[in-house]
Amino acid sequence: MDRRPMRFGAMAAHGFMPQCKKIRRPSDKPVYIRYRHTSGDAMRTQYITTLIRLAILAAACALGGFLAEQYALRATATEARLETAEELGKLRVRLETSLNADVQLIQGLISYVKARPDLDQKEFVTVAADLMESAGGRVRNMALAKDLVISHIYPVEGNVKALGLDYRKTPGQWREVQRTIKENTVVIAGPLDIVQGGVGIIARFPVVIYPEGGLPAELWGLVSTVIDFNAFVQD
């Protein structure tokens, strides 16, 4: 039997591929033989690499889909908020326009009271009825509070409970009354429960009389109007 060391080519020819073997010849220095992986190892490595790449690609696709969905949801929410803000802006403009038209009725009544500070209930009814006719049914009543006590009101029917109301003894309304007197401007309060029943928006304006002869100005009282809240919103 031939005991000479088998060469690398011979080993390959016989299908024998050791991992790494140190061959020592009798009289020579040790020789180290290196070799490549078998075809089976290469296929296994390529298969694992392919699986890793597919896993990374799947994760990237999933992340991309998630981010796309979140972006779409965010864009939809932003668009919805913009549409809501736009609609609320339009509604606010319509409400302010309608409310300002109703409040203007007070200005006309104030001018009349300044010219006729001693008017009685009958005279007041005539003036208030004429003013309310142009309000489109939103104005529930108009009232005068001479010396801060409700003394005149129209219509009387359904509003009798309000006659004789002293604002100074009505904590729920006194703060707003003080404000309108101090600022000498229209102050709108509400919606709130009103004495006559129901919910309304109340607009008040102080009436200040300037006597002749340079005398100090005097607070005559208040002019107020109650706007029906439900009718106002429906309009």
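Bear in mind the structure is a predicted one, so any value in this text is a computation, not a measurement. (Residues numbered from 1 in each chain as written. Predicted model: local features only at pLDDT ≥ 70, side-chain atom pairs only at ≥ 80, totals over all residues. Heavy atoms only, no water.)

1. Description of the overall build of the protein chain
Convention followed: Put simply, DSSP H or I for four residues or longer makes a helix, DSSP E for two residues or longer makes a strand, and each gets a number counted from the N terminus. Here, two residues are considered to be in contact whenever any of their heavy atoms come within 4.5 Å of each other. Using a 1.4 Å probe, accessible areas were evaluated by the Shrake-Rupley method; residue-level cover was limited to the displayed protein chains.
A tally of helices and strands in the protein chain yields 5 helices and 7 strands. Ordered by position in the sequence, the α and β elements of the protein chain form the string α-β-β-α-α-β-β-α-β-β-β-α. Intrachain contacts of the protein chain at a sequence separation of at least 6 include 49% that bridge at least 24 residues. Carbon and sulfur atoms provide 57% of the accessible area of the protein chain, an area that totals close to 16,400 Å².

2. Digging into the pattern of salt bridges
To keep things clear, this is the line we draw: Put simply, a salt bridge is a Lys or Arg side-chain nitrogen that is within 4 Å of an Asp or Glu carboxyl oxygen. Three labels apply to residues, based on accessible area from a 1.4 Å probe with only protein chains included: buried if under 20% of the type maximum, exposed if over 50%, partly exposed otherwise in between.
By the definition in use, this model includes 4 salt bridges. In this structure, glutamate 123 and arginine 116 form a salt bridge, with 3.0 Å as the shortest nitrogen-oxygen distance. Since its relative accessible area comes to 45%, arginine 116 is described here as partly exposed. Taking the shortest distance from any N to any O, the salt bridge between aspartate 166 and arginine 168 comes out at 3.2 Å. The class of aspartate 166 is buried, set by a relative accessible area of 17%. Members of the salt-bridge network, linked through shared partners, are Glu176, Arg179 and Glu183.

3. Looking at the nonpolar core
What counts is decided by this rule: We define a nonpolar core as any set of buried Ala, Val, Leu, Ile, Met, Phe, Trp, Tyr and Cys residues linked to one another through side-chain atoms lying within 4.5 Å.
Membership of the largest hydrophobic core comes to 21 residues, with the highest contact counts inside it found for Leu109, Phe124, Met142, Leu144, Val207 and Val223. Sorting the residues of this core by element identifies α2 (39-115), α3 (121-132), β3 (139-146), β6 (199-209) and β7 (218-228) as the ones contributing at least two each. It is α2 that provides the largest number of residues to this core, a total of 6 residues. The contact partners of methionine 142, leaving out residues within four places of it in the chain, are Leu105, Leu109, Phe124, Ala128, Leu131, Met132, His152, Ile153, Tyr154, Ser224 and Thr225.

4. Remarks on the pairing of β3
For the record, the criterion: A pair of strands is treated as paired once DSSP finds two or more bridges between them.
Burial analysis of β3 places 6 of its 8 residues in the buried class, which makes it a mostly covered element. Pairing geometry for β3 and β7, over 7 bridges, is antiparallel. Across the sheet, residue alanine 143 finds its bridge partner in β7, namely serine 224. As paired elements, β3 and strand β4 (residues 149-154) share 5 bridges and run antiparallel to each other.

5. Brief notes about the sheet that holds β3
Inclusion rule: Every axis corresponds to a line fitted to the C-alpha atoms, with the helix fit spanning only the stretch in contact, and the corresponding angles, defined between N-to-C directions, vary from 0 to 180 degrees.
Taken in spatial order, the 5 strands of this open sheet run β4-β3-β7-β6-β5, and their pairing is antiparallel. A strand with exactly one partner marks an edge of an open sheet, and here the two such strands are β4 and β5 (187-193). Each strand of the sheet is rotated relative to its neighbour by a mean of 25 degrees, with strand direction disregarded. This element, helix α4 (residues 171-183), spans β5, β6 and β7 of the sheet and lies at about 40 degrees to β6.

6. Some points on the confidence of the model for the protein chain
Applicable threshold: The score called pLDDT rates the predictor's confidence residue by residue, from a low of 0 to a high of 100.
When pLDDT is averaged along the protein chain, the result is 75, and 65% of the positions lie at 70 or above. With pLDDT under 50 throughout, residues 19-23 is counted as low confidence; its partners more than four residues away or in other chains account for 13 contacts.

7. Let's talk about α4
Our working rule: One less than the number of residues in a helix, times 1.5 Å, gives the span that helix is expected to have. Arc definition: directions from the helix axis to the C-beta atoms.
Taking 1.5 Å of rise per residue, the 13 residues of α4 would be expected to cover 18 Å, and the 19 Å separating its terminal C-alpha atoms lies within 8% of that figure. If you check which residues of α4 are buried, you get Gln173, Val177 and Thr180. With its buried residues spanning 65 degrees around the axis, α4 presents them on a single face. Turned more than 90 degrees away from the buried face of α4 sit Pro171, Arg175 and Lys182, all of them exposed.

8. What about the environment of glutamate 123?
Along the polypeptide, glutamate 123 turns up in helix α3. When its relative accessible area of 17% is taken as the criterion, glutamate 123 is described as buried. Separated by 29 residues in the primary sequence, glutamate 123 and histidine 152 place their C-alpha atoms 9.8 Å from one another. Ignoring any residue separated from it by four or fewer positions in sequence, one finds glutamate 123 in contact with Tyr112 and Arg116.

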